[in-house]
Amino acid sequence: MVNTLPSPAYLDLVRRPPPLRRLMFEGRTPSTDALAGSQFRGTNLTGTARVLGLRRFIKGFERAADGTLTGYNRRVRGAELASPWTASPWRGQERFGFYSVDPVDPEARDNAYLHALLLDYSLGDNPPRDPSKVLRDYLVQLPDSEMLLGHAFAAIGPWRRPVGYFLLERM
């Protein structure tokens, strides 16, 4: 059975996050093999998504038929952190906001954190006009922890605008 409640350590980090930018640089590259087939509870720590009531979510990872790692998001209703993370449909869909998962390419435009994984929504199986296509998330594993920290950016033409940070814990 999937644990839908967050751990005390997760709740503590969400409620009192340390300097997030520093943690992004201290983190290490997550193992794609360890991510495959897993779902993570997620909380937006800063930024527009939190203000818009998108505080909690589920982020999943799976292997595509060609062996590449891909991912998706699932909606979680409510902002109460101590309540269960239960997925609910969003616009009639169980999953949305699809992305590819790859190591950061130092020669590419999206290279803010060279030791991170890049979750690129422009390469995911999203509808043509889906606003999530502008998202680029960098993901690191926190030191001495199984938790993951993400830093989201909006890619608008050649510009990259920080959107916010999020924390993930395996369910």
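Here, every reference points to the structure presented above.
Residues numbered from 1 in each chain as written. Predicted model: local features only at pLDDT ≥ 70, side-chain atom pairs only at ≥ 80, totals over all residues. Heavy atoms only, no water.

What follows concerns the pairing of strand β5 (residues 96-103). Successive side chains on a regular strand alternate, one facing one side of the sheet and the next facing the other. One ladder, built from four bridges, connects strand β3 (residues 69-76) with β5; its direction is antiparallel. Pairing of T70 across the sheet is with S100, part of β5. Across four bridges, β5 lies against strand β6 (residues 117-120) in antiparallel orientation. When the bridges of β6 are listed, P103 appears paired with L117. (Pairing = 2+ DSSP bridges. Helix = DSSP H or I, 4+ residues; strand = E, 2+ residues; numbered from the N terminus.)

The next point concerns the nonpolar core. Core analysis: the largest hydrophobic core is formed by 24 residues, its most contacted members being M24, L45, W85, Y113, Y138, L149 and L167. Sorting the residues of this core by element identifies α1 (8-15), α2 (20-26), β7 (135-141), β8 (148-156) and β9 (159-170) as the ones contributing at least two each. When near neighbours in sequence (up to four residues on either side) are disregarded, L149 contacts L20, L23, M24, L45, Y138, L139, V140, L142 and F166. In terms of nonpolar packing, the next biggest core, distinct from the first, is built from 15 residues, F57, L69, L119 and Y121 among them. (Core = buried A, V, L, I, M, F, W, Y, C linked by side-chain atoms within 4.5 Å. Buried < 20%, exposed > 50% of the residue type's maximum accessible area, 1.4 Å probe, protein only. Contact = heavy atoms within 4.5 Å.)

Let us look at unusual backbone geometry. Despite not being glycine, R91 has its phi angle at roughly 55°, a positive value. Inspection of the secondary structure puts R91 in the loop between β4 (87-88) and β5. Classification of R91 as exposed rests on a relative accessible area of 69%. Positive phi is not limited to glycine here, since D144 has a value of about 55°. In this structure, D144 sits in the loop between β7 and β8. Overall, the relative accessible area of 83% leaves D144 in the exposed class.

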